[in-house]
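Survey of secondary and tertiary structure
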Number of protein chains: 2
Amino acid sequence: MTMARCPAYCRLERLFTRLTLIEQALGLLHWDMAAMMPPGGAASRGEQLATLKALAHELLTAAGVKPLLDAAVDEDLDDWQRANLREMRRDWMHAAMVPSRLVEDLSRAGSASETLWRKARPAGDFAAVAAPLAEVLRLTREMAEIKSQALGVPAYDALLDQYEPGGRAAAIDVVFDDLGAFLPGFLEQVLAKQTPPPPGPRGPFSIERQKALGLRMMAVLGFDFEHGRLDVSQHPFCGGTPDDVRITTRYDEGAFIKSLMGVLHETGHALYERGLPAAWRTQPVGRARGMSLHESQSLLMEMQACRSREFLSFAAPVIAEPFEAAGQPGWDADTLHAQIVRVTPDFIRVDADEVTYPAHVILRYRLEKALIGGEMQVADIPAAWNEGMVRLLGIRPPDDRRGCLQDIHWYDGAFGYFPTYTLGAMTAAQLFDAAARAVPDLPASIGRGDFRPLLGWLREAVHGQASRHTTDELLISATGRSLDPSVFKAHLRQRYLA
Amino acid sequence: MTMARCPAYCRLERLFTRLTLIEQALGLLHWDMAAMMPPGGAASRGEQLATLKALAHELLTAAGVKPLLDAAVDEDLDDWQRANLREMRRDWMHAAMVPSRLVEDLSRAGSASETLWRKARPAGDFAAVAAPLAEVLRLTREMAEIKSQALGVPAYDALLDQYEPGGRAAAIDVVFDDLGAFLPGFLEQVLAKQTPPPPGPRGPFSIERQKALGLRMMAVLGFDFEHGRLDVSQHPFCGGTPDDVRITTRYDEGAFIKSLMGVLHETGHALYERGLPAAWRTQPVGRARGMSLHESQSLLMEMQACRSREFLSFAAPVIAEPFEAAGQPGWDADTLHAQIVRVTPDFIRVDADEVTYPAHVILRYRLEKALIGGEMQVADIPAAWNEGMVRLLGIRPPDDRRGCLQDIHWYDGAFGYFPTYTLGAMTAAQLFDAAARAVPDLPASIGRGDFRPLLGWLREAVHGQASRHTTDELLISATGRSLDPSVFKAHLRQRYLA
């Protein structure tokens, strides 16, 4: 046996194959922790995860990697390999630029802050967590500064890049300012027009039947059960690996719509993962392209396709079937549709509807940008939060539990994540609009419960591209233009005012 | 922060903590593969497992480890640390002595042979798998020779040591010859005395109710559901980690007793894992002591405790309850007991009863010892197998499907494993006998469904010792003597001839 010649790029591919497989193992361990693990397994699972993460970090930041990255640039690579090398360098930069002392300090500070937050939130006691949050913020700003130097972008953008490769606050500002100016007046119009919905289905709805319905709908959307499962966890998510996609939901015997919508949402994520090119699986370029595009795939399925009146024509009898409720009042398509497009300004982001959700996100985005920029201090958060809620949604949280204590993100050190939710919602609208132009009679096929035309278009335009292009390039290629809030606004006008 | 002094032994502890945590992650990935994974996940799961195994192997066989092992010998260690160092060296020897070329060849040959075996077994076509099995044997003998040199023991013992640390064929020969001479005559007596059992419970038995019964019985034996689960897999096993023990079973709607006995068996394994000292978790000395002792813990629960007439007094109404069969004919303690102590010579090891099982094992042990020793060739297996069955059990397999093709072990390269089953059965009898002498009214407490006295004794005598002592030392300390087949024989006489 002779050793084939393997220059720098080739050796990097081998390294990243290994890293990807460790990441996949971590993905399964995380899924199990949320969906299967008995409570007593938590401590040792934490150690297992930390060990595998440390091993992957050591492999990626070993002394030999930078010379390989530098040497590979001068090798004869095709476009796909160049895109892969770009993603490799980005991974390496995020891992290697930050001193391990800072990584450990941040991890420790995040754990301490999160632990206190879990007590402070139900008590609405922001003061109890202000100091640990300030420490998390201080260390995050230190890390942002280092990555800012390495990437040559502003500090906030360097954090954003962890979740949204190439994301720029300057560009987000433009679309969020546009949307933020639009929403309050639009919301007023919707609330003025909206009438109380007719009474919907009455429970209880057994978990067994809800699960049967969820599985049925997953199959309708194109979920591949040879390569995935549906289970239960406290916080629904999509995990696992592209060849073994694990989605979860949560059931409430008193209401089934929220769980069902959650299943459709996670199925959108799952279809993206499953649609990534099989041959690229072990390389960074084969991964899903950032959080905003991932969220666009879940919201495209949930919000654009499945909350449409057309889908309900197909879905209403399918929904009624496991509950043996066909023909009963409240189970018709019009009533079910009225239930799922109801708009209600409220305090909690995760419970928000499609119209008010962006307001929650814009508020958090503006605050975290000011916190990272040093223009705002931790102590200022509660007042700024409540004022922002009044300005954007016209309601003032009665306490910090329903205000600035509701989300885990900051307390856990995740600054730069929030904007991806609404970037995803806007991207979903723009992609669905493009699909509707490209696919003949798309609403009609959805109205027949036939998702193959839509999925076929997504496979080609989005899933099959993986991380080969930047998010902006992908969007231009799929829709003809960069992110344009007017499409999302048109969708909202069409659904809620037409 | 200053770097604390960490001499060789201390650095080894850190290395083995890491290796243990990787092993734990592998354990969970294996459990998931058997109990949860959709079929399409198999290929990527294989890659994930191979990657983590390779990483662990590289860490253990790195150039710096041998000098640490050698230096640690001269350090000031206490007895516990010396025992830990002994186990570390054993791990290292098994991993580092065999050239990676041979490890890979064996892995490849085993996979090829196993794949062919899966087709050859149902067809009863030994010839189709003889050549690949011969290749596995050739490579296994090569490996055995290398380990034999390193350990200073005969080749077969070096293989045995992989599963049964310190196991010696010379010692096994003595007890197996004794038992092998006893069994044929004893079996004849049992069959002469045995009358057809009264009709037992009639199905179908719903899986849901069988599962409820299994969970109830696990709780009776002392299974800790804060630290474990019961799930389904094709081949029942006990996996996971000591803090998160995952046992599985398989249900048949036409019969519940086999599944229930399987649950009790795996619960015995689980109690052992869970009883290992928490503070020793991440070190080799904290592991369960070899396969024969592990099997002794499952068989002690299943065979010694739960197939006893005393246990059935308690269990019969508990068993009837989920099936709403209390008081119905066939569900009384005497009838249920008659069902589970039935002796029937048959061809298949995994279906064998307590009396005939050792004959299956002794046959395999003698053949594999001859194969490793070079006194027998692969082509001789079918004839030798069938003659052995006649000699030991008085029946001749009508084909190789029900003969030498039935077990995966050899085809997968696992030579040296078989004897641990019957060593475990004998050890179980000897430990249970000792427990009955030490614990007042042990049968009476089992007859009340109170397993705390038995478990308390096992925790102290077996579980809490982990790998601190050799198997022989542990047995002497717990029972006053080395393995003595007369205790097992007395148990059989008592149960089947009294």
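Here, every reference points to the structure presented above.
This write-up is about the structure you can find in this document. Treat the numbers as computed from the prediction; the structure is a model and nothing was measured.

**Concerning the overall build of chain A**
The secondary structure content of chain A amounts to 20 helices and 3 strands. In terms of overall dimensions, chain A is globule-like: its C-alpha atoms have a radius of gyration of 23 Å, near the 23 Å expected for 498 residues. With the C-alpha coordinates aligned to their principal axes, the bounding extent of chain A is approximately 70 × 60 × 50 Å. The buried share of chain A, reckoned over its 498 residues, is 57%. Within chain A, contacts between residues at least 6 apart in sequence are counted, and of these 73% link residues at least 24 apart. Accessible surface for chain A amounts to roughly 20,600 Å². Of this, 54% is attributable to carbon and sulfur atoms. For chain A, the distance from the average site of its 53 positive side-chain charges to the average site of its 63 negative ones is 1 Å.

**Describing the sheet that holds strand β1 (residues 228–232) of chain B**
Residues and elements named next belong to chain B. Spatially, β1-β3-β2 is the arrangement adopted by the 3 strands of the open sheet, whose pairing is mixed. Unpaired on one side and paired on the other, β1 and β2 (238–241) mark the two borders of the sheet. In this sheet, adjacent strand axes meet at a mean angle of 20° when their direction is disregarded. With 5 bridges joining them, β1 and strand β3 (residues 244–249) adopt parallel strand pairing. Bridge pairing links Arg 229 to Arg 246 in β3. Contacting β1, β2 and β3, helix α1 (residues 8–35) crosses the sheet at an angle of about 35° to β1.

**Overview of unusual backbone geometry**
Residue and element names in this part refer to chain A. Residue Pro 204 is reached from Gly 203 by a cis peptide bond, and omega for that bond is 0°. By the secondary structure assignment, Pro 204 is in the loop between α8 (169–193) and α9 (207–221). Despite not being glycine, Ala 466 has its phi angle at roughly 45°, a positive value. Mapped onto the fold, Ala 466 is located in the loop between α18 (452–461) and α19 (471–479).

**So, the interface of chain B and chain A**
Taken together, the contact pairs 34 residues of chain B with 34 residues of chain A. Together chain B and chain A conceal approximately 2,800 Å² of surface at their shared face, both sides included; 61% is due to carbon and sulfur atoms. Linking chain B with chain A are 6 salt bridges, by the criterion used here. Of the charged contacts, one joins Arg 18 of chain B and Glu 58 of chain A as a salt bridge, the two residues approaching to 2.6 Å between their closest N and O atoms.

So, how was this worked out
- Residues numbered from 1 in each chain as written.
- Chains lettered and ligands numbered in written order.
- Predicted model: local features only at pLDDT ≥ 70, side-chain atom pairs only at ≥ 80, totals over all residues.
- Heavy atoms only, no water.
- Helix = DSSP H or I, 4+ residues; strand = E, 2+ residues; numbered from the N terminus.
- Rg over C-alpha atoms; globule rule 2.2 N^0.38 Å.
- Buried < 20%, exposed > 50% of the residue type's maximum accessible area, 1.4 Å probe, protein only.
- Contact = heavy atoms within 4.5 Å.
- Areas by Shrake-Rupley, 256 points an atom, 1.4 Å probe, with all protein chains shown as cover.
- Lys, Arg positive; Asp, Glu negative; His and termini not counted.
- Charge placed at Lys NZ, Arg CZ, Asp CG, Glu CD.
- Pairing = 2+ DSSP bridges.
- Axes fitted to C-alpha atoms, helices over the stretch in contact; angles between N-to-C directions.
- Buried area = accessible area lost by both parts, 1.4 Å probe.
- Salt bridge = Lys/Arg side-chain N within 4 Å of Asp/Glu carboxyl O.

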